[in-house]
Amino acid sequence: MTGKSGFVGQNLSKHLESKGFDLTFVGRKKEENQICWSEIENDNLKSDVFIHLAGKAHDLKKVSSPQEYYEVNLGLTKKIFNSFLNSEAKLFIFLSSVKAVADEVFGELTEECEPNPQTHYGKSKLMAEEYIMKNPPSDGKRVIILRPCMIHGPFNKGNLNLLFNLVSKKIPWPLGAYENKRSFCNIENLNFAICELIVQKTISSGIYNLADDDAISTNEIINLIGEINGSRSQIWKIDPTLISFFSRIGDFFRLPLNSESLKKLTENYIVSNRKLKFAIGKPFPITAHAGLIQTLKSFN
């Protein structure tokens, strides 16, 4: 497994170890039970499964150079995948992203949608996918690419945490007029899916979206935060025309509410998980609603 230190890696490694799997890690430094990046091509890895989680994530502060995304998300993936091809391992799992396909979703995102990423993050992930798909392994090996949407879970420091802190200060939510729906991916469902992909050896190679069963609106999340805090959230349904006007002012003065942030806060991003659910043949362990409550409660 690569990416042990990340949020997904920490949770997934604990889950797999609890199921009796023996894990070996690949990372930047050579530590106990961990192989260094630079040694992987020369190391005779005797693993049954490769799980490649490591990658360069979105840089919300926008200080990373474009080259960093391609060096890590593409270059490192090539190195790990080539090592898999030269090994006796039978399964390669690559954690890509829905952003390798689309930054905007009209309708529902499925595996058949034509990829058109707009960011260096999405483009580098797509290029890694293409390299894997253009270099199929020999018979008897499986290669699975997972495209998760926004992953969350207890104590994850991300956008949900920022939203929770904002609403907890009893600041009214001014975007209630926007009835958007977004898909999320709870870490328990991700752990379950990867474990099933390992155990069920008849699941075919391919690309699979990874998301909870139901999409949730931002207004629903605001109300859940209020319930968890024991108070009623204030949701203001201000005319979207007026909101758009203020967002353009935000563009000019570089305020937190600008056209870009408004789009991210109010857009629909619904991801279909039907292909993966059909392949696994079992229900996910936690619902979207219950998973969000679990995550939000952890922020207290």
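In case you missed it, the structure is sitting above this.
Residues numbered from 1 in each chain as written. Predicted model: local features only at pLDDT ≥ 70, side-chain atom pairs only at ≥ 80, totals over all residues. Heavy atoms only, no water.

A closer look at the nonpolar core
The biggest cluster of nonpolar side chains holds 38 residues, and the ones touching the most others in it are Leu146, Leu190 and Leu276. Among the elements of the structure, helix H1 (7–18), strand S4 (91–95), strand S5 (142–148), helix H5 (187–199), strand S8 (206–210) and helix H9 (274–280) are those that each provide at least two residues to this core. Residues contacting Leu276, with those up to four places away along its chain left out, are Leu146, Ala193, Leu197, Tyr208, Asn209, Leu210 and Phe284. Among the nonpolar cores identified, the runner-up in size contains 19 residues, and Tyr178, Ile225, Leu292 and Leu296 belong to it. (Core = buried A, V, L, I, M, F, W, Y, C linked by side-chain atoms within 4.5 Å. Buried < 20%, exposed > 50% of the residue type's maximum accessible area, 1.4 Å probe, protein only. Helix = DSSP H or I, 4+ residues; strand = E, 2+ residues; numbered from the N terminus. Contact = heavy atoms within 4.5 Å.)

Considering the layout of surface pockets
Quantified by volume, the second largest pocket comes out at close to 530 Å³. Lining the second largest pocket are 25 residues, with Asp22, Ser47, Asp48, Val49 and Phe50 positioned closest to its centre. Looking at the lining of the second largest pocket, the element that brings in the most residues is strand S3 (residues 49–52), giving three residues. Of the residues assigned to the lining of the second largest pocket, the class counts are 14 nonpolar, five polar and six charged. (1 Å grid on protein atoms, 1.4 Å probe; cavity = no way out; pocket = protein on both sides within 12 Å on 5 of 7 lines; lining within 4 Å. Points joined across faces, edges and corners; volume = space filled by probe spheres on them. Nonpolar A, V, L, I, M, F, W, Y, C, P; charged D, E, K, R; others polar.)

Concerning helix H7 (residues 240–253)
Look at H7: 20 Å from first C-alpha to last across 14 residues, which is about the 20 Å you get at 1.5 Å a residue. Considered for burial, the residues of H7 that qualify are Ile243, Ser247 and Gly250. Viewed along the axis of H7, the buried residues span an arc of 50°, placing them on a single side of the element. Looking at H7, the residues exposed on the side facing more than 90 degrees away from the buried face are Thr241, Arg248, Phe252 and Phe253. Residues of H7 that are buried sit in contact with helix H8 (259–266). By the N-cap criterion, in which a side-chain oxygen at the helix start approaches the backbone nitrogen of a residue two or three places on, H7 is capped by Asp239, the distance to Thr241 being 2.9 Å. (Expected span 1.5 Å × (residues − 1). Arc of directions from axis to C-beta. Polar contact = N/O pair within 3.5 Å; in protein donor to acceptor, adjacent residues only side chain to side chain.)

Considering the environment of Thr77
As for its position among the elements, Thr77 is in helix H2 (residues 66–85). Exposure remark for Thr77: the relative accessible area of 1% places this residue in the buried category. Separated by 23 residues in the primary sequence, Thr77 and Ala54 place their C-alpha atoms 8.5 Å from one another.

A look at the pattern of salt bridges
If charged atoms from side chains of opposite charge come close, those side chains can pair. The tally for this structure, following the rule as stated, stands at 10 salt bridges. Glu104 is the partner of Lys263 in a salt bridge, and the nearest nitrogen-oxygen pair spans 4.0 Å. With a gap of 159 residues between them, Lys263 in helix H8 and Glu104 in the loop between S4 and helix H3 (120–134) connect regions that are remote in the sequence. Take Glu104: its relative accessible area is 42%, and that puts it in the partly exposed class. Here Lys282 and Glu196 are joined by a salt bridge, their closest N and O atoms 3.3 Å apart. (Salt bridge = Lys/Arg side-chain N within 4 Å of Asp/Glu carboxyl O.)

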